[in-house]
Amino acid sequence: MTIIGKHRNEQDSTASTKGYLGQFTGVANQPHYMKDFFNAGFRLLCAGVLRRGGFGRGDRGRGRGGDRGRGRGRGRGGKDEKETWVPVTKLGRLVKDSKIQSMEQIYIFSLPIKEYQIVDHFLPTLKDEVMKIMPVQKQTRAGQRTRFKAFVVIGDSNGHVGLGVKCSKEVATAIRGAIILAKLSVIPVRRGYWGSILNEPHTVPCKVTGKCGSAVTRLVPAPRGTGIVAAPVPKKLLQLAGVTDCYTQAFGSTRTLGNFVKATFAAIGNTYSYLTPDLWAETKFAMSPYQQFTDFLAKPQEKRRV
Amino acid sequence: MIHCPFSTCDLTEPLTNSTSLVIHLKDAHKIVFKNIHHMFILLERYLNHWAKEIEAKGLEKVGIKENEDDEHYIIDPAVSTADRTLRDEIQREKLNEILKVQEKERNEDAKQKRKCLFCKNICENRQHMFGEHNFNIGLPDNLVNVNEFLDMLEAKLTGLQCLYCEKTFTSPAVLRKHMRKKKHFKISARNRLYDQFYVINYLEPGKNWENFEHDRYDSDDDRRDDSWADWDEALEEENTKCLFEDAFFNTAQSARDHMKETHGFDLEGERHRLGLDFYQTITLINYVRRQTMLGVCFSCLTRRPQTVDNMEEEEERGEWLVKHLRESGCGAKVPSMETDFWKDPQFLLPILENDPLLMIFGEEESDDEPEGGIAFEKLSLSDHESDDEDEDEII
């Protein structure tokens, strides 16, 4: 192929058609139909960068997919692979470079997680479940505005759960947003034994309570084989948390299912807040990852190639 | 395709399109609905409601004459609040129904296999159509009645009509060639018939997805709206079965009260009297359920007599226990603490699945928390958003 510098000075019959592309890909030397191909390629690249949904094949689609839910890109599973993640937070950078081995290291230092890809990286088996979609209205000067609100719970049935809620004009956008928020709120769940310490932990380690609004939920350890004795909604949450057996009690206004679910979530989260005798040993404090990897973090990130 | 909603009307055939409907309403019934196209998806319900109103009250009360000479009555949502509230109500109902349908679809129907519209494969989901043929009708979460939708599109294709430009062709091969060349692997955006399959069209009357596309997008408004307290639904019936008979109650509380009154079995009272802790209460409840199932009174252990057992009727058998409790007052006589069943671990496993009766007691039990004040803060995850609720919000 021709070299950039050289190209400029050459007398070329197709010099007028060089354009921007001509400098890089030697397009001007190609037959005309190939030029179109390269042009299309450049447009495709732009499309990818702007994240407007990948390969439009020329038609940027006022088709029914259109703007709606950025459907074009999402719907096309396969061709348009997930764009590689470029982290923007320090934690993200550490995770991307495998300096951190597991979620638990993040939890020990209570580092806030702001990028959902971090959670995806450590917990690829997270399953999400939409609990409810409801329309909510808001009174504005221009009349009422109705939107959809999605409530999502996510978990891997092995010690991690998260809750997310998001409001949006379209159902799909609301669900997607809620899933991302749920991933950001993932919390570890401590499980224990009821009687004998055999096999895997199956129930909560002790009686724990969670409160939200006026709804109070109490989780009580149960023997193996009890199953989860709870109302359907918190039951789903407990199943996704990986708790196999548990008694629950609900007090206060269980009318507000939203607060009820949040109270259960708080209760599950409290399993790791409770200091049991086996945790009495003195902790050896370690350096926070930010401290440990300062040198790595000080290096500027590789610029993302456009 | 709609029938005239008035029962006194002579027209028996259905009206096939909106213009003929409007004309018919104007001529035959002297009514003009303003902005009726807003309600197209909900037309039938809307018109039926108005028809009933008009037949009940008479047209003069309900409509407004534009001017004295005009024969027609006008029903206008901008003017009549009744109309506006009616439209809002109907639309909200429909929206909730649609969401329920969508939920069902999401859980069950999405897994069904379906033959691809364009080639002969049977694909599990629409990924195939998107991937292979670049056919996009939108994200599955935005659609409703998907099977109907796909059926409709399939019918169009077998009718040799292109999905996008709607021109008819002579044979399937020609049609396929046309679609491939022109890349018409999408559906016509303007076709109103497809509106009913997209949930966004049900959001507000009169606005379909085109309005929303141009709407200013205020996603930063959402921070306030992400509160869980909006989910104001009651827990679905905690179908609680009485411990002694086959009666079901809507809440565990009412079941408890019923047992206290009818059978003399006071759960709370017994707990306090005997000083039962959590696990003992569970044991007691499960034990009573088990005994009832076997036809034995839990207190005096008398079996249901043979004659009653032989009867086929469940009710007859159940009634025996109720009668027995009433006569002997066994409901109040909980077996003493020395009895064997208290230590039997099988009664810690619930006899009935998701027994709501096991979920309501024990509120006064102190939360075994250390005295430190720090622990209490961790416990409550109060809904911060609800503290400064936007007063404009109507949910």
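Residues numbered from 1 in each chain as written. Chains lettered and ligands numbered in written order. Predicted model: local features only at pLDDT ≥ 70, side-chain atom pairs only at ≥ 80, totals over all residues. Heavy atoms only, no water.

To keep it simple, the criterion reads: UniProt positions are given in the numbering used here, feature names are shortened, and annotations may be inferred rather than shown by experiment.
In the annotation of an unreviewed UniProt entry, the entry for chain B reads C2H2-type domain-containing protein, and the organism field reads Modicella reniformis. Its UniProt record gives chain B the following Sequence similarities (unreviewed entry) comment, quoted word for word: "Belongs to the ZNF277 family."

Looking at an unreviewed UniProt entry, one finds chain A named Small ribosomal subunit protein uS5, with Modicella reniformis as its source organism.

What about the overall build of chain A?
Heads up, the condition is: Every helix listed is a DSSP run of H or I at least four residues long, and every strand listed is a run of E at least two residues long, numbered separately from the N terminus. Here the term buried applies to any residue with accessible area under 20% of the maximum for its type, exposed to any over 50%, and partly exposed to those in between, with areas from a 1.4 Å probe on protein chains only. Note on definitions: a residue-residue contact is assigned when non-hydrogen atoms from the two residues lie within 4.5 Å. All accessible-area figures derive from a Shrake-Rupley calculation using a 1.4 Å probe, and residue coverage is judged against the displayed protein chains alone.
Scanning chain A from N- to C-terminus turns up 12 helices and eight strands. Looking at chain A as a whole, 49% of its 306 residues are labelled buried. Counting only contacts in chain A whose residues sit at least 6 apart along the sequence, the fraction spanning at least 24 positions is 55%. Accessible surface, chain A as shown: approximately 15,900 Å² in total, 56% of it carbon and sulfur.

Looking at the sheet that holds strand β5 (residues 208–212) of chain A
Residue and element names in this part refer to chain A. Here is the rule: Two strands pair if DSSP finds at least two bridges between them. In this analysis an axis means a line fitted to C-alpha atoms, helices contributing only their contacting stretch, and an angle means the value between N-to-C directions, from 0 to 180 degrees.
With mixed pairing, the four strands of this open sheet are ordered in space as β5-β6-β8-β7. With partners counted over all chains shown, the strands left at the sheet margins are β5 and β7 (228–229), one partner each. Here five bridges tie β5 to strand β6 (residues 215–220), and the two strands are oriented antiparallel to one another. Pairing of Val-208 across the sheet is with Leu-219, part of β6. Lying on the sheet, helix α10 (residues 257–269) is in contact with β5, β6 and β8 (246–251); it crosses β5 at an angle near 145°.

Structural notes on the nonpolar core
Side chains of a nonpolar character, in soluble globular proteins, are inclined to be buried together. What counts here: Residues belong to one nonpolar core when they are buried, are Ala, Val, Leu, Ile, Met, Phe, Trp, Tyr or Cys, and are joined through side-chain atoms within 4.5 Å.
Judged by nonpolar contacts, the single largest core of 57 residues is most densely connected at A:Ile106, B:Ile137, B:Phe149, B:Leu153 and B:Ile187. In terms of residue count, the dominant contributor to this core is helix α8 (residues 171–184) of chain A (six residues). When sequence neighbours within four positions are dropped, the list of residues in contact with A:Ile106 reads A:Leu91, A:Val95, A:Ile100, A:Leu111, A:Ile113, A:Ile118 and A:Phe122. The next biggest cluster of nonpolar side chains, apart from the first, holds 36 residues, and it includes A:Tyr247, B:Leu243, B:Phe298 and B:Phe341.

Regarding the UniProt feature "domain: C2H2-type" (unreviewed entry) in chain B
Per the UniProt record, the feature "domain: C2H2-type" (unreviewed entry) sits at residues 160–184 of chain B. Structurally, residues 160–184 of chain B is divided into 44% helix and 0% strand, and its ends, taken at the C-alpha atoms, are 13 Å apart.

Focus: the packing of helix α2 (residues 43–57) of chain B against helix α4 (residues 81–107) of chain B
A pair of packed helices can be characterised by two numbers: the angle between their axes and the separation between those axes. Residues and elements named next belong to chain B. To keep it simple, the criterion reads: An angle below 35 degrees is read as roughly parallel, one above 145 as roughly antiparallel, one from 65 to 115 as roughly perpendicular, and any other as oblique. Handedness of a crossing follows from how the near helix is turned relative to the far one, being left-handed for an anticlockwise turn of less than a right angle and right-handed for a clockwise one. For this scheme, ten residues count as nonpolar: Ala, Val, Leu, Ile, Met, Phe, Trp, Tyr, Cys and Pro. Four count as charged, namely Asp, Glu, Lys and Arg, and the remainder, Gly too, count as polar.
It is the contact of α2 with α4, at a shortest axis distance of 10 Å, that shows an interaxial angle of 140°. One element, α2, and the other, α4, form an angle in the oblique class. α2 and α4 meet at a crossing whose hand is right-handed. Two secondary-structure elements touch here, α2 through Arg-45, Tyr-46, His-49 and Trp-50 and α4 through Asp-83, Leu-86, Arg-87, Ile-90, Glu-93, Lys-94 and Glu-97. The residue makeup of the contact of α2 with α4, split by class, is four nonpolar, one polar and six charged.

Things to note about the packing of aromatic side chains
Spelled out, the test is: Put simply, two rings from Phe, Tyr or Trp (the six-membered ring, in Trp's case) pair if the centres are within 6.5 Å, and we call them stacked under 30 degrees between planes, edge-to-face over 60, tilted for the rest. Should the NZ of a Lys or the CZ of an Arg lie within 6 Å of a ring centre and within 35 degrees of the ring normal, that charge is described as sitting over the ring.
Under the defined criterion, the tally for this structure stands at 11 aromatic pairs over all chains. Centroid distance A:Phe151 to B:Trp231: 4.9 Å. Interplanar angle 35°. Geometry classified as tilted. You can see A:Phe151 sitting in strand β2 (residues 143–155) and its partner B:Trp231 sitting in the loop between α9 (222–225) and β6 (240–241), one on each of two chains. The exposure class assigned to B:Trp231 is buried, which follows from its relative accessible area of 2%. Ring geometry for B:Phe244 versus B:Phe265: centroids 5.6 Å apart, planes at 85°, classification edge-to-face. Placement of the pair is B:Phe244 in the loop between β6 and β7 (248–249) and B:Phe265 in the loop between α10 (252–263) and α11 (267–274), with a sequence separation of 21 residues. Residue classification places B:Phe244 among the buried residues on the basis of a relative accessible area of 2%. An aromatic cluster is defined as three or more aromatic residues linked by ring pairs; in this entry it consists of A:Trp194, A:Tyr247, B:Phe278 and B:Tyr279. One Lys or Arg, A:Arg93, reaches over the ring of A:Phe296 and ends 5.8 Å from the middle of that ring.

Quick notes on the state of the cysteines
Where two cysteines share a covalent bond between their sulfur atoms, that bond is called a disulfide. Residues and elements named next belong to chain A. To be explicit about the condition: Two cysteine sulfurs form a disulfide in these notes if their separation is within 2.5 Å.
Within this structure, the stated rule accounts for zero disulfides over all chains. Here Cys-206 is not disulfide-linked; the sulfur of Cys-246 is the nearest cysteine sulfur, at 11 Å. Judged by relative accessible area, which is 11%, Cys-206 ranks as buried. In this model Cys-212 remains outside any disulfide bridge; the closest cysteine sulfur is found in Cys-167, 18 Å from its own.

Some details on α10(B)
Residue and element names in this part refer to chain B. What counts here: In this scheme, a helix's expected span is set at 1.5 Å multiplied by one less than its residue total. Think of it as the arc spanned by the lines of direction from the helix axis to the C-beta atoms.
Between its first and last C-alpha, α10 extends 16 Å over 12 residues, near the 16 Å set by a 1.5 Å rise per residue. Along α10, the residues that are buried comprise Ala-252, Ala-255, Arg-256, His-258, Met-259 and His-263. Buried residues of α10, seen end-on, are gathered within an arc of 160° and therefore sit on one face of the element. Downstream of α10 by one or two residues, Gly-264 has phi in the positive range, about 75°.

Topic: the confidence of the model for chain B
Should the pLDDT be low somewhere, the predicted coordinates at that spot are not to be read in detail. Residues and elements named next belong to chain B. Counted only if it meets this: Confidence of the prediction at every residue is given by pLDDT, a number between 0 and 100.
Within chain B, residue pLDDT values average 72, and 66% of them lie at 70 or more. At the low end of the mean pLDDT range in chain B sits helix α15 (residues 373–379), at 43; at the high end sits helix α12 (residues 278–294), at 87. What the predictor reports for the complex is a pTM of 0.74 with an ipTM of 0.74.

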